[in-house]
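# Descriptive analysis of the structure
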Amino acid sequence: MDGVVVTTKRFLPKFLFCLWECGTLLLGRVLLKKEARLKVARLAHFLGFQPDVIPRAEKTDYWEIGGSPESQIALGFGSSKIGDTSFQEIAILSSLVRHFQPKTIFEFGTANGFATLNFALNSGAETKIYTLDIGRPDDMGSLFKKNSAREKIIQLQGDSTFFDFTPYKNSVDFIFIDANHSRKNVYTDSQSAIQLIGDRKGIILWHDYSAWEGVTEALEELRQTDDRFRKLRWMNGTTLACLMVNDR
Ligand SMILES: C[S@@+](CC[C@H](N)C(=O)[O-])C[C@H]1O[C@@H](n2cnc3c(N)ncnc32)[C@H](O)[C@@H]1O
């Protein structure tokens with residue numbers, strides 16, 4: 001009898017957790033939203049399912065790439081819901097911007113402009129920041145619209161997989177890829193990013209490596225089959241992947 005009580009005591013919290021997660025998922029009717037998909041992933045992980053593709057890139061810390069743990073950054077506030085770029089990730093991205101002092105930044109996926117704003121606050125006065133989103137510019141970037149740093153920001157509209165990158169090729173130093181998270185899109189965006197940097201030195205960062213199957217799949221495929229992506233690394237404690245380009 002005691003055994004039954006112990007088993008029930010162990011089972012009940014797990015059962016209630018699953019019930020809560022499934023209930024909020026169904027009630028929310030938001031299966032297409034990133035937050036809901038992350039919930040499914042968390043639940044699957046909790047129940048013991050492994051993703052098909054496991055992130056295997058070597059881990060690194062941001063100060064091994066550039067900067068130092070003592071570096072100071074400016075922080076522009078934004079929402080940080082589950083699935084958004086986290087404050088820790090924003091701090092790391094900002095610290096890398098401070099270190100590399102890029103002249104041109106290109107972001108794939110603007111949303112409310114949380115990352116864009118922080119790129120603007122941490123870059124030099126001459127830096128240009130292009131941010132591309134499939135959505136209308138008026139609906140994007142609410143976080144930087146009222147900030148004086150917005151003068152450095154140039155909003156672009158289009159689907160990144162069809163966008164004409166010709167005017168920006170061979171001119172970008174710092175890239176953040178965080179648009180559509182499907183394998184196909186991340187694969188294509190990553191190829192475009194390499195062309196944006198061209199012959200110069202640059203850095204590419206991706207969000208949601210290890211957290212989104214499409215991102216992980218695309219980056220694992222590129223890392224294992226394309227020599228240009230062989231040195232891709234996974235930033236410790238985050239879902240950021242990074243690659244130094246032409247870093248001979
Ligand atoms: C995760 S949010 C970007 C968050 C932002 N980078 C940040 O950290 O604050 C993804 C954005 O990518 C945009 N997006 C989705 N598919 C896209 C595509 N094919 N081309 C361009 N933008 C796309 C969405 O409209 C959404 O605003």
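Just above, that's the structure.
Residues numbered from 1 in each chain as written. Predicted model: local features only at pLDDT ≥ 70, side-chain atom pairs only at ≥ 80, totals over all residues.

## Digging into the nonpolar core
Counting 52 residues, the largest nonpolar core has I175 and I204 as its most contacted members. In contact with I204, not counting residues within four places along its chain, are I175, I177, A193, C242, L243 and V245. (Core = buried A, V, L, I, M, F, W, Y, C linked by C-beta atoms within 7 Å. Buried ≥ 20, exposed ≤ 12 C-beta atoms within 10 Å, placed from the backbone. Contact = placed C-beta atoms within 7 Å.)

## Notes on the site of the ligand
Among the 18 residues in the neighbourhood of the ligand, the closest are listed as T85, G109, F114, A115 and N180. Taken together, the elements giving at least two residues each to the shell around the ligand come down to α5 (114-122) and β3 (128-133). (Near = placed C-beta within 6 Å. Helix = DSSP H or I, 4+ residues; strand = E, 2+ residues; numbered from the N terminus.)

## As for the sheet that holds strand β2 (residues 104-108)
The mixed open sheet is built from eight strands, whose spatial order is β1-β7-β8-β6-β5-β2-β3-β4. Every interior strand has two partners, whereas the edge strands, β1 (59-60) and β4 (153-157), have only one. With four bridges joining them, β2 and strand β5 (residues 174-177) adopt parallel strand pairing. Following the sheet pairing, F108 is matched in β5 by I177. Contacting β2, β3, β4 and β5, α5 crosses the sheet at an angle of about 175° to β3. (Pairing = 2+ DSSP bridges. Axes fitted to C-alpha atoms, helices over the stretch in contact; angles between N-to-C directions.)

## Focus on the packing of helix α4 (residues 87-100) against α5
In contact at an axis separation of 9 Å, α4 and α5 are set at 35° when each is read in the N-to-C sense. Crossing hand, α4 versus α5: right-handed. Here I90, L93, S94, V97 and R98 of α4 lie close against α5, whose contacting residues are F114, A115, N118, F119 and N122. Its residues assigned to classes, the contact of α4 with α5 shows six nonpolar, three polar and one charged. (Left-handed = near helix turned anticlockwise from the far one by under 90°. Nonpolar A, V, L, I, M, F, W, Y, C, P; charged D, E, K, R; others polar.)

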